[in-house]
Amino acid sequence: MNRRPLAALLVALALVGCGGDSSTPTPVPVVATTPTPTPTPTPTPTPVAPTNIATVVFDAGPAALQVGTNGYSAFNEPYVTITICAPGSTTNCQTIDHIILDTGSVGLRLIQPVLNPSLLAALPTETDPAANPVGECYQYVNSYAFGSVRKADFSIAGENVANMPFQAIGDAGTFATAPASCSSGGGSAITSVQDFGANGIIGVGTTTTDCGSFCTVAGGSSGAIYYDCPASGCSSIIARAAVAAGAFEQLPNPVAAFAVDNNGTILSLPAVPQAGVATLTGTVTFGIGTQTNNMLSAANLLPLTTSTSRLGAGLLTATYNGKALTQSFLDSGSNDYYFIDTTLNPCTRTDLIAYYCPPSPTLLSPVLTATNGTIASGAFTLYTPLTLFASVNVAPGLGVNPTLVKPPLPFANSFDFGVPFFFGKTVYTAIEGRTTGTTVGPYFAF
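The notes below deal with the structure included here.

Conventions used here
Residues numbered from 1 in each chain as written. Predicted model: local features only at pLDDT ≥ 70, side-chain atom pairs only at ≥ 80, totals over all residues. Heavy atoms only, no water. Buried < 20%, exposed > 50% of the residue type's maximum accessible area, 1.4 Å probe, protein only. Helix = DSSP H or I, 4+ residues; strand = E, 2+ residues; numbered from the N terminus. Pairing = 2+ DSSP bridges. Salt bridge = Lys/Arg side-chain N within 4 Å of Asp/Glu carboxyl O. Phe/Tyr/Trp six-rings, centres within 6.5 Å; stacked < 30°, edge-to-face > 60°. Lys NZ or Arg CZ within 6 Å of the ring centre and 35° of its normal. Polar contact = N/O pair within 3.5 Å; in protein donor to acceptor, adjacent residues only side chain to side chain. Contact = heavy atoms within 4.5 Å.

1. A word on the pairing of strand β7 (residues 159-169)
Burial analysis of β7 places eight of its eleven residues in the buried class, which makes it a mostly covered element. In the sheet, strand β4 (residues 106-111) pairs with β7 via three bridges, with the strands oriented parallel. Following the sheet pairing, I111 is matched in β7 by I169. In this sheet, β7 lies alongside strand β6 (residues 143-156) in antiparallel orientation, the contact comprising nine bridges. If you follow S148 over to β7, its bridge partner there is A168. Between the end of β6 and the start of β7, which pair antiparallel, lie two residues, with A157 showing a positive phi angle near 50°.

Okay, here's the thing in structure tokens:
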């Protein structure tokens with residue numbers, strides 16, 4: 001997932017009211033009648049929302065995002081709302097909105113200052129065999145997040161996980177300073193809502209935990225690194241078990257930790273017009289083939305690399321301009337399409353310097369190839385951001401050259417199909433090793 005604040009990208013929507021009929025009715029003579037008792041009406045049942053479906057909202061982002069001289073509005077961010085409670089409590093709880101739904105990462109991560117002080121104080125820190133608190137560093141492609149690993153009871157759309165580890169980004173005390181082995185990975189540090197563009201993120205990608213076998217030995221690390229954090233500070237990289245159900249050690253994919261709907265997600269988003277919109281609403285359904293409302297129905301099913309692959313997990317090949325990009329992926333947490341094409345016109349405006357600015361809508365036709373050789377179209381129309389207005393928070397078809405992002409993104413062998421790819425589609429993300437009917441994850445389907 002690519003994390004970066006974006007300057008406001010650019011079509012106010014006008015709503016027009018309609019008047020009523022102003023004609024005068026003709027009087028009707030009154031006739032005396034014997035009143036008939038009115039039967040007691042049968043109450044209309046209140047519709048009950050399915051317990052495995054959550055609303056996904058695109059808007060300007062959390063209020064804290066827009067505060068101060070560096071404030072800005074979110075762009076192309078899919079947000080959900082979650083609830084966490086102190087373990088075992090039904091009263092010391094907090095419902096937190098504007099949590100990014102990300103198919104390109106794994107684990108729940110919250111910005112620590114967003115948490116109510118009374119709740120934060122009741123959330124235990126995970127400890128290691130030496131009884132020291134555990135910290136974690138998580139590397140995104142152009143930034144990193146460091147903080148404590150705490151435990152909470154988690155819920156979303158009626159799905160629950162007890163005593164689940166999550167990362168409190170930017171936690172205080174022992175966790176105030178990121179270890180050198182974390183910050184040396186490059187990119188900027190995430191410590192605030194404005195750094196992140198959200199109050200947190202829920203990673204619902206293709207693996208069951210955020211590190212897998214890489215973190216099961218002391219000193220082992222991948223995109224996630226776990227640390228022993230005594231009072232003197234965090235430095236030693238420690239082993240953490242890769243289990244997707246309690247007793248947890250690594251951060252689990254929250255979906256993989258559900259009791260029933262635990263094999264994947266279905267993200268359904270409406271199409272977005274070229275001009276963009278201020279807000280957008282879709283849904284995420286938990287589970288694939290576990291209930292009558294989440295049956296697998298897709299024209300394209302694309303198996304992906306597993307956690308044992310030397311390339312990494314959750315990847316497929318995108319062939320673009322004759323080059324096979326073997327580390328490509330579908331990522332709802334990326335704002336735009338990220339790919340390298342030196343034949344496309346770059347934007348010259350300073351605030352849009354990394355974007356492509358085609359003079360007219362341009363059809364691009366990358367081809368997706370799964371690990372079993374199945375092929376599907378990844379075609380989309382590339383638009384320029386120059387025609388968008390400041391009130392737009394959602395827009396399709398924008399492309400970014402990762403070599404022009406600061407710092408540059410390591411995408412020489414990748415094509416990142418960000419959230420615009422999901423517009424107008426229903427996209428299934430199946431978790432590795434989990435059965436979905438007759439098919440076993442990991443795969444993307446649409």
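2. Some remarks on the pattern of salt bridges
Following the criterion strictly, the structure yields six salt bridges and no others. Between E136 and R109 there is a salt bridge, with its nearest N and O atoms 2.9 Å apart. Of this pair, E136 sits in strand β5 (residues 134-139) while R109 sits in strand β4, and the two are 27 residues apart along the sequence. On the basis of relative accessible area, E136 is assigned to the buried category, the value being 0%. The partner of R240 in a salt bridge is E249, with the nearest N and O atoms 3.4 Å apart. With relative accessibility at 26%, the residue E249 sits in the partly exposed group.

3. Re the packing of aromatic side chains
A complete count under the given rule lists 20 aromatic pairs for this structure. Measuring from ring centre to ring centre gives 6.3 Å for F380 and F415, while their planes differ by 75°; the resulting arrangement is edge-to-face. In this pair, F380 is assigned in strand β20 (residues 380-382) and F415 in the loop between β21 (399-400) and β22 (416-417), connecting sequence segments 35 residues apart. The same class applies to F380 and to F415, which are both buried. Taken together, Y320, Y337, F339, Y356, F380, F415, F417, F421, F422 and F446 form an aromatic cluster joined through their ring pairs. For K425, the ring lying beneath its charged end belongs to F421, and the centroid distance is 4.1 Å.

4. What to know about the side chain of T83
By secondary structure assignment, the location of T83 is in strand β2 (residues 79-85). For T83, a relative accessible area of 18% puts it in the buried group. For T83, the side chain forms a polar contact with the side chain of T95, separated by 3.0 Å. Those residues within four positions of T83 in sequence are excluded, and the remaining contacts are C93, Q94, T95, D153, F154 and S155.

5. Quick word on the environment of E136
Sequence separation between E136 and G147 is eleven residues, and the spatial gap between their C-alpha atoms is 5.8 Å. Looking at E136, its side chain comes within polar contact range of the side chain of R109, at 2.9 Å.

6. Quick word on the pairing of β2
Counting buried positions along β2 yields six of seven residues, so the element is predominantly enclosed. Across six bridges, the pairing between β2 and strand β3 (residues 93-102) is antiparallel. Its bridge partner being in β3, I82 is matched across the sheet by I96. Bridging between β2 and β6 involves three bridges; their strand directions are antiparallel. Within the sheet, the bridge partner assigned to I84 lies in β6 and is F154.

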